[in-house]
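A closer look at the structure
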Amino acid sequence: MAEKIADDPARSAHQARKTGLGSDFVPHNSPDERARAANRDAFDRIGLRQGRFGGQGSGRRERTDGEARRTSAGPPETTVKILDRSWPAPLVVGPLDAPARPGGELAVVRAAAAAGLPAVVSAFAERSFAELASAAADAPPWLRTYAFQDRETARHLTGRAEDAGFGALLLTLGDRDDVRARRVAAPADLGVRGPFDDVRTLLRARAEWSDVAWLRAATALPLLVAGVRGPADAQRALDTGADGIVVTDLDALPETAASVAGRCPVLLSGGVRRGADIVAALASGADAVFAGRPVLDGLRAGGRAGVTEALDGLLRELGDAMAFTGAATVTDLGPDMIRTGPHPADAPPTRAAARPLRKTELHAAVSDPVLDTMTFLNEITTRYPEAISFAPGRPYDGFFDSEQIFTHLRRYLNHLEEQGSSPQQVRTAMYQYGPTAGQIREIIADSLRADENIDVPAGSIVVTVGAQEAMLLVLRALMTGPDDVLLVSSPCYVGITGAARLLDIAVTAVEEREDGVSCADLEAAIRTERARGRRPRAFYVVPDHSNPSGTTMGARARAELLELAARHGILVLEDSPYRLVSPGRPLPTLKSLDRTHTVVHLGSFSKTVFPGARVGFVIADQPVVDDTDDTDRTDRTDGAARVGLLADELAKIKSMVTVNTSSLSQAAVAGALLAAEGRVSEMNTAAAAYYGDAMRATLRELDRRLPPERREALGVRWNEPTGGFFLTLRVPFRADNAALIRSAQDFGVIWTPMTYFHPGGGGLHGIRLSTSYLTPAQIAEGTARLVRFIEAQSAAPHTSSGGAAR
């Protein structure tokens, strides 16, 4: 029951208000909060030094005779041994003083245990210690305890934890600022009667060293002391019998860890948000870190699944950051791998020193992994220039001739003159901003009628800065509040999900099947969202040779989608940039079949003319009724509301964003369309043939190097698109960033992890290949390298236990 509640945000919020349970946020400006903020500032000053790959860093401690530096290639090894237990990563989950949603503590424990990591639970846990421990048999939880008024309560509590099989106790020295005032029905593990309107009445104001000594004598469980501020505290903790210490000041960590000299584990708490933070902490002397805020955010967003996603993200980032430094194992991490900027207090005085911005003060989208995906791929491509890359989904520029740009411009200028424009008007058209909605809309409308059988008035078109701006404009216009939802076919182009994230729009993924998205699945998602009290507004899909999967929606599915959208009153956002650069006759666009103004068509000339023009467009012929302006209505003789087009509203938004699309770029694109008499498909006949040959060559090479019996034995399969730029492979190992680094470094081939394209999570065993930018020779050699990588990765010991495709 608790797990169901944890997956219902509205019910969770109601239950939280009813019970008084809330987040682990501490009082504003408390010592605990100030320590976290200080650590966050310190992490933001720290950068990692790029090292040679393969673990050639200078380790932060000497190995024993039984330890040897790992020199074999592969993803970094993150395993650590702390308190006589092996963990897959130097990470403790929590602590969460109170769950963010009912059932949350159990959800966190289960997610942590699934990752093989200990989770810290509160002495005031919702569930019994026995239930929590049984949910995490392979990674026993730790108990966060306090200085109780009655030590018999503390004795009873630690005894119950010990009997349940907890892994350790954690006691924080100092004031109890981290304990929230809240009501609890005292659990049986406390051994006292409840309920209590304020749990703090059970506690003393401070935890002293005497409490550490008493607790050490009262339990056989490993005891960690938190709130250690420096070497003196560390030494006293050891003298008092602590089995480990928790430092809350990143700046004090190196000196404190050095004073301990390996006699006990040193952990850091506070401010950890990213995998790079974990690496920086370990390089500064920590053996492990606590991660509370990312887990809390994941719990709030998606219950147990959200926590799992947050932990998976941290572990992926940890591996990526280690690989960047060249560390093969966590013991390779040392202070020479970090570089630290000046502390604000050490900076030279200025007339008006500006306070640095904190990333937490910026919009949350800037920390979203979606916004980092292309940056990471660019870094990999730059780092391994000799590698053959199947990653970039851009047109092959062998078809471009620089002189054509001037030809296109002259053709458009001639067109303006032929239409009766004076020299002054021509000059204005080229040198001034021009209409916000675009100055070549009529030419685009003519081309759409000639080439795509899309017959819409020019006034329903808005010319944009690429299709990306079109997405932003449409989403901004349609989504009016937090209950509005964008549905997407998943795996999904990151541009739309990134735009939604920037605009704080909720995204619900409808997972594709082998043959593409199912209308039955889409309808189920619509009904589910409405049952949750939310409003599905639009569904985004790439019906032809989609990015990233390469699937194409069949004719029947297109008709079913249009009928479904009209019946449920949602719009379809059609994005189809690859259809006119693919061989063969394409199926009709959704917009050409649209009879009820259900489809908003997002177009781009990046693939068909040239990407550098950055010209796209949106067809938004949906009627918009102005039924709110009573003043204007009374001015009309018929008393009716004014009716315009959605395109008019998009133009208003664009006027506040880019003002207009470059007149020069519009002119170049218009000249190309005029020269082809609007027949973009005919203009791209040679390019479509080239891309078709590249796709077939890639499929042929894959089939030759991985014949059916071999790929069946390996557990590898791929789809066979008939056009477009992309195809997808499923492999028997985790195709994550760590695997990509190994592929680039050791095998000289780059691809794109499909995890980038699954907004709801997934794609762990998927690889996207782009075939558009490679020559036949590069395809042959690149495919050979890719197959060698797949075979090696499939046979690697580190993939045998947790990475097999199921």
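A brief report on the enclosed structure follows. Residue positions within a chain follow its written sequence, with the count starting from 1. Two thresholds apply to this predicted model, a pLDDT of at least 70 for residue-level local features and 80 or more for giving and counting side-chain atom pairs, whereas whole-chain, interface and lining totals are computed over all residues. To get the side-chain values, all heavy atoms of the structure are used, and hydrogens and water are removed first.

On to the overall build of the protein. Starting at the N terminus, helices and strands are each numbered in turn, a helix being any DSSP run of H or I of at least four residues and a strand any DSSP run of E of at least two. A tally of regular secondary structure across the protein gives 28 helices and 29 strands. Within the protein, the fraction of its 806 residues that count as buried is 53%. It only takes one pair of heavy atoms within 4.5 Å for two residues to be counted as in contact. By sequence separation, contacts in the protein at least 24 residues apart represent 72% of the contacts at least 6 residues apart. Carbon and sulfur atoms form 50% of the exposed surface of the protein, whose accessible area is close to 35,200 Å². Accessible area is worked out with a 1.4 Å probe on protein chains only. A residue is then buried under 20% of its type maximum, exposed over 50%, and partly exposed in between. For the accessible areas, the method is Shrake-Rupley and the probe is 1.4 Å, while residue cover comes only from the protein chains on display.

A separate point is the nonpolar core. Of all hydrophobic cores here, the largest spans 98 residues; its most connected members are Trp 142, Leu 143, Phe 148 and Ile 245. The criterion is simple. A nonpolar core is a set of buried Ala, Val, Leu, Ile, Met, Phe, Trp, Tyr and Cys residues joined through side-chain atoms within 4.5 Å. Judged by nonpolar contacts, the second largest core, of 43 residues, contains Ala 391, Val 494, Leu 727 and Phe 789.

For helix 22 (residues 646-655), the full list of buried residues reads Leu 646, Ala 647, Leu 650, Ala 651 and Lys 654. The arc that holds the buried residues of helix 22, viewed along the axis, is 140°, so those residues lie on one side. Structurally, helix 22 contributes buried residues whose contacts are with strand 16 (461-464), helix 16 (466-478), strand 21 (599-604), strand 22 (616-619), strand 23 (623-626) and strand 24 (642-645). The directions considered for the arc are those from the helix axis to the C-beta atoms.

This next bit is on the sheet that holds strand 18 (residues 506-511). Hydrogen bonds between backbone atoms are what pair the strands of a sheet, whose relative direction is either parallel or antiparallel. What the seven strands build is an open sheet, ordered 16-22-21-20-19-17-18; its pairing is mixed. Two strands bound the open sheet, and with one partner strand each, they are strand 16 and strand 18. Between one strand and the next, the sheet's axes are offset by a mean angle of 20°, whatever the strand orientation. The pairing criterion is simple: DSSP has to find at least two bridges between the two strands. Strand direction decides the pairing type here: strand 20 (residues 571-575) and strand 21, joined by four bridges, are parallel. Looking across to strand 21, one finds that Leu 573 is bridged to Val 600. Every angle, taken between N-to-C directions, lies between 0 and 180 degrees, and every axis is a line fitted to C-alpha atoms, over only the stretch in contact when it is a helix. Where helix 15 (residues 441-452) meets the sheet, it contacts strand 16 and strand 22, and its direction lies at approximately 110° from that of strand 16.

What follows deals with the sheet that holds strand 25 (residues 717-718). The sheet built from four strands is open, its strands ordered 25-26-29-28 with antiparallel pairing. Edge positions in the open sheet fall to strand 25 and strand 28 (752-753), since each of these has one partner strand only. The pairing of strand 28 with strand 29 (residues 766-770) spans two bridges and is antiparallel. Looking across to strand 29, one finds that Pro 753 is bridged to Ile 767.

With that out of the way, let us pick up the pairing of strand 16. Residue alternation in strand 16 divides its side chains into two sets, Ile 461 and Val 463 and Val 462 and Thr 464, and both sets are buried. As paired elements, strand 16 and strand 22 share four bridges and run antiparallel to each other. Of the residues in strand 22, the one forming a bridge with Val 462 is Val 618.

Moving on: the side chain of Ser 490. Here Ser 490 lies in strand 17 (residues 484-490). Polar contact is defined as a pair of N or O atoms within 3.5 Å, subject to the rule that within protein one atom must be able to donate a hydrogen and the other to accept it, and that residues adjacent in sequence are counted only when both atoms are side-chain atoms. Polar side-chain contacts of Ser 490 include one of 3.2 Å to the side chain of Glu 511. Once residues within four sequence positions are removed from consideration, Ser 490 is found in contact with Ala 509, Val 510, Glu 511, Glu 512, Phe 757, His 758 and Pro 759.

It is worth spelling out the environment of Ala 37 at this point. Here Ala 37 lies in helix 3 (residues 31-45). For the pair formed by Ala 37 and Gly 271, sequence separation is 234 residues and the distance between their alpha carbons is 6.6 Å.

What follows deals with a nonpolar patch on the surface. On the surface, Leu 357, Leu 362 and Val 366 cluster together into a nonpolar patch covering about 260 Å² of accessible area. Here Val 366 lies in the loop between strand 14 (338-340) and helix 12 (373-383). The class for Val 366 is partly exposed, based on a relative accessible area of 34%. Each patch is built from residues that are more than 30% exposed by relative accessible area and take part in no salt bridge. Like charges join if they lie within 9 Å; nonpolar side chains (Val, Leu, Ile, Met, Phe, Trp, Tyr) join within 5 Å. For this document, the term salt bridge refers to a Lys or Arg side-chain nitrogen within 4 Å of an Asp or Glu carboxyl oxygen.

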